[in-house]
Amino acid sequence: MKLISLRQLLDHAADSGYGVPAFNISNMEQGIAIMNSAKKCDSPVILQASLNVRNRYAGDQMIVAIVNALAKMYPNNPICLHQDHGHTESACVSAVSSGFTSAMMDGSLMSDGKTPSSYSYNVDITSRVSQIAHWTGASIEGELGVLGSLESGEASDEDGSGAVGKLDKEQLLTDPDEAADFVKKTKVDALAIACGTSHGANKFTREPDDNILSINQIKAIHERLPDTHLVMHGSSSVPQSLQEMINEYGGDMPQTWGVPVSEIERGIKYGVRKVNIDTDCRMAMSGAMRRFAKLNPKVFDPREFILASMKELEKLVSDRFERFGTAGNAKKIHPISLAEMADRYADGAFEPRVKAA
Ligand code: G3H
Ligand code: 13P
Ligand code: ZN
């Protein structure tokens with residue numbers, strides 16, 4: 001099966017009322033584990049690669065080859081290959097020209113990926129990139145607002161990706177009216193919003209309530225922009241069971257809280273269509289490797305460690321496909337080519353999904 005664009009996939013999710021987890025991958029094994037779960041659950045899939053994966057770990061050729069091989073191995077599961085957090089025109093345009101079907105132009109931060117930008121800078125760079133991507137039929141996700149903690153007011157670059165320093169409440173919570181203006185001007189296909197989540201394991205120091213994880217802000221944005229596909233970054237749940245597994249088998253992970261899956265389910269009711277998850281996958285795989293190593297001290301074949309970690313990842317991924325309502329939808333989607341998507345953009349069929357509420 002050909003790779004699918006983010007826009008086509010999220011349009012289907014919106015029309016049917018479900019959300020799609022977007023899993024970060026760095027290698028073949030994560031890809032195979034996620035696709036095994038997708039096959040079992042009949043789910044469409046978003047696989048995303050960070051700039052670190054593209055530039056410092058696997059490289060574009062490897063990531064694009066892996067995902068195209070997965071598309072052949074799992075012909076019944078549409079796959080979107082998405083560039084996560086591009087901060088420059090070249091990051092996004094090079095992704096699309098390398099074979100990605102979607103890219104995130106994260107203009108909420110300057111090109112260093114650390115300094116919050118101005119609104120006009122964000123509109124300018126995002127609309128330019130969105131126009132170029134649409135000429136090829138690829139999709140663009142933009143971001144308005146800055147990820148960070150409503151508890152401490154601190155930005156978060158825990159996993160090396162995100163702003164640095166103090167943020168004010170206006171930056172930490174995306175404004176619905178500004179969001180409407182942003183989507184209209186930039187013509188993005190999906191909008192990442194800020195609602196108190198951040199990247200990495202240390203999102204909250206306690207079980208989050210609406211003061212520190214504002215699903216009500218998502219509701220307000222959705223009321224203003226009922227047709228826009230919203231994206232929730234920093235959406236790992238950091239399950240207590242995985243924290244325990246890591247610590248039981250030799251890790252040292254201080255107690256922390258993530259985004260409860262039930263809160264993501266509420267977000268999906270309010271227009272969240274793409275749910276970004278990386279940390280949970282990392283925890284599942286490294287926790288299972290620790291457990292395997294401890295319980296099997298005589299084994300030295302790395303494949304055994306990796307297979308054990310893939311099994312744990314499959315459990316997590318299947319759970320999210322089921323809980324987000326993604327399961328059962330792969331067979332209902334009939335991917336159209338990027339060339340056809342490009343024609344549709346040119347015909348004006350994909351005007352930004354901004355409806356005056
Ligand atoms: O942006 C979120 C990802 O978790 C980034 O991960 O840059 O370490 O690949 P990475
Ligand atoms: P987590 O760190 O919560 O998994 O978030 C990942 C993410 O938002 C990638 O863009
Ligand atoms: Zn993110």
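Residues numbered from 1 in each chain as written. Chains lettered and ligands numbered in written order. Predicted model: local features only at pLDDT ≥ 70, side-chain atom pairs only at ≥ 80, totals over all residues. Heavy atoms only, no water.

### Some thoughts on the overall build of the protein chain
Okay, so step 1: Of regular secondary structure, the protein chain possesses 14 helices and eight strands.
Okay, so step 2: Here the C-alpha radius of gyration of the protein chain, 19 Å, is about what a compact globule of 357 residues would show, namely 21 Å.
Okay, so step 3: Over its C-alpha atoms, taken along the principal directions, the protein chain stretches across nearly 60 × 45 × 35 Å.
Okay, so step 4: When burial is assessed residue by residue, the protein chain has 57% of its 357 residues classed as buried.
Okay, so step 5: Here the analysis covers contacts within the protein chain between residues at least 6 apart in sequence; of these, 76% occur between residues at least 24 apart.
Okay, so step 6: For the protein chain, the computed accessible surface area is about 14,400 Å², with 52% contributed by carbon and sulfur atoms. (Helix = DSSP H or I, 4+ residues; strand = E, 2+ residues; numbered from the N terminus. Rg over C-alpha atoms; globule rule 2.2 N^0.38 Å. Buried < 20%, exposed > 50% of the residue type's maximum accessible area, 1.4 Å probe, protein only. Contact = heavy atoms within 4.5 Å. Areas by Shrake-Rupley, 256 points an atom, 1.4 Å probe, with all protein chains shown as cover.)

### Let's talk about the packing of aromatic side chains
When we look at a pair of aromatic rings, we describe it by the centre distance and by the angle of the planes.
Okay, so step 1: Tallied over the full model, the rule gives four aromatic pairs.
Okay, so step 2: An angle of 85 degrees between the planes, with centres 5.9 Å apart, marks the rings of Phe-23 and Phe-321 as edge-to-face. In this pair, Phe-23 sits in strand 1 (residues 20-24) while Phe-321 sits in helix 13 (residues 302-323), placing the two residues 298 residues apart along the sequence. For the pair Phe-23 and Phe-321, a shared accessibility class is recorded, and that class is buried. (Phe/Tyr/Trp six-rings, centres within 6.5 Å; stacked < 30°, edge-to-face > 60°.)

### Overview of the pattern of salt bridges
Okay, so step 1: Using the criterion set out here, one finds 21 salt bridges in the structure.
Okay, so step 2: Residue Asp-60 pairs with Arg-54 through a salt bridge whose shortest N-O separation is 2.6 Å.
Okay, so step 3: Taking the relative accessible area as the measure of exposure, Asp-60 reaches 18% and is therefore buried.
Okay, so step 4: Here Arg-128 makes a salt bridge to Glu-89, at a shortest N to O gap of 2.6 Å. Of the two residues, Arg-128 sits in helix 6 (residues 119-136) while Glu-89 sits in helix 5 (residues 89-98), which places them 39 residues apart along the sequence.
Okay, so step 5: On the accessibility criterion, Glu-89 (30% relative accessible area) is partly exposed.
Okay, so step 6: Through salt bridges with shared partners, a single network forms among Arg-7, Asp-11 and Asp-189. (Salt bridge = Lys/Arg side-chain N within 4 Å of Asp/Glu carboxyl O.)

### Some points on the side chain of Ser-130
Okay, so step 1: As for its placement among the helices and strands, Ser-130 is situated in helix 6.
Okay, so step 2: Residue class for Ser-130 comes out buried when judged on its relative accessible area of 1%.

### Regarding the coordination of the zinc ion (ligand 3)
Okay, so step 1: Protein coordination at the zinc ion (ligand 3) comes from His-85 (NE2), His-199 (NE2) and His-233 (ND1), with a distance range of 2.1 Å.
Okay, so step 2: Sequence positions of the donors to the zinc ion (ligand 3) reduce to the motif H-x113-H-x33-H. With a gap of 114 residues between them, His-85 in strand 3 (residues 79-86) and His-199 in the loop between strand 6 (190-193) and helix 9 (215-224) connect regions that are remote in the sequence. The pair His-85 / His-199 is uniform in exposure class, with both members buried. (Donors = N, O, S within 2.8 Å, 3.2 Å for Na, K, Ca; no water.)

### A short note on the environment of Ala-308
Okay, so step 1: Among the secondary structure elements, Ala-308 is positioned in helix 13.
Okay, so step 2: It is 6.6 Å that separates the C-alpha atoms of Ala-308 and Met-289, two residues lying 19 residues apart in sequence.
Okay, so step 3: When near neighbours in sequence (up to four residues on either side) are disregarded, Ala-308 contacts Ala-288 and Phe-292.

### Points about the packing of helix 12 (residues 279-295) against helix 13
Okay, so step 1: Following both chains from N to C, one finds helix 12 and helix 13 inclined at 140 degrees, their axes separated by 8 Å at the closest point. In terms of orientation, helix 12 lies oblique with respect to helix 13. Helix 13 is crossed by helix 12, and the crossing has right-handed handedness. Residues Asp-280, Cys-281, Ala-284, Met-285, Ala-288, Met-289, Arg-291, Phe-292 and Ala-293 of helix 12 lie in contact with helix 13, whose contacting residues are Glu-304, Phe-305, Ile-306, Ala-308, Ser-309, Met-310, Glu-312, Leu-313, Leu-316 and Arg-320. (Axes fitted to C-alpha atoms, helices over the stretch in contact; angles between N-to-C directions. Parallel < 35°, antiparallel > 145°, perpendicular 65-115°, else oblique. Left-handed = near helix turned anticlockwise from the far one by under 90°.)

### Quick look at helix 11 (residues 261-269)
Okay, so step 1: Residues Val-261, Glu-263, Ile-264, Gly-267 and Ile-268 constitute the buried set of helix 11. Each buried residue of helix 11 sits inside an arc of 155 degrees when the element is viewed along its axis, so together they form one side. (Arc of directions from axis to C-beta.)

### Concerning the site of ligand 2
Okay, so step 1: Around ligand 2 there are 14 residues in total, and Asp-84, Lys-203, Ser-236, Asp-278 and Thr-279 lie nearest to it.
Okay, so step 2: Take Asp-84: an N or O atom from its side chain is 2.7 Å from an oxygen atom of ligand 2.
Okay, so step 3: The contact in question runs from an oxygen atom of ligand 2 to an N or O atom on the side chain of Asn-276, over 3.0 Å.
Okay, so step 4: The fraction of the free accessible surface of ligand 2 (300 Å²) that becomes covered by protein chains is 99%.
Okay, so step 5: Among the elements of the structure, strand 3 and strand 8 (272-277) are those that each provide at least two residues to the shell around ligand 2.
Okay, so step 6: Along the lines of polarity and charge, the residues of the shell around ligand 2 split into one nonpolar, 10 polar and three charged. (Near = heavy atom within 4 Å. Polar contact = N/O pair within 3.5 Å; in protein donor to acceptor, adjacent residues only side chain to side chain. Nonpolar A, V, L, I, M, F, W, Y, C, P; charged D, E, K, R; others polar.)

### What about the pairing of strand 2 (residues 45-49)?
Okay, so step 1: The buried fraction of strand 2 amounts to five of the five residues, a majority that puts the element mostly inside the structure.
Okay, so step 2: Burial of the side chains of strand 2 extends over both faces: Val-45, Leu-47 and Ala-49 are buried on one face and Ile-46 and Gln-48 on the other.
Okay, so step 3: What joins strand 1 to strand 2 is helix 2 (residues 28-41), and the crossover it makes is right-handed.
Okay, so step 4: Summarising the sheet, strand 2 and strand 3 pair through five bridges and their orientation is parallel. Paired with Val-45 across the bridge in strand 3 is Ile-79. (Right-handed = clockwise from strand over helix to strand, strands pointing away. Pairing = 2+ DSSP bridges.)

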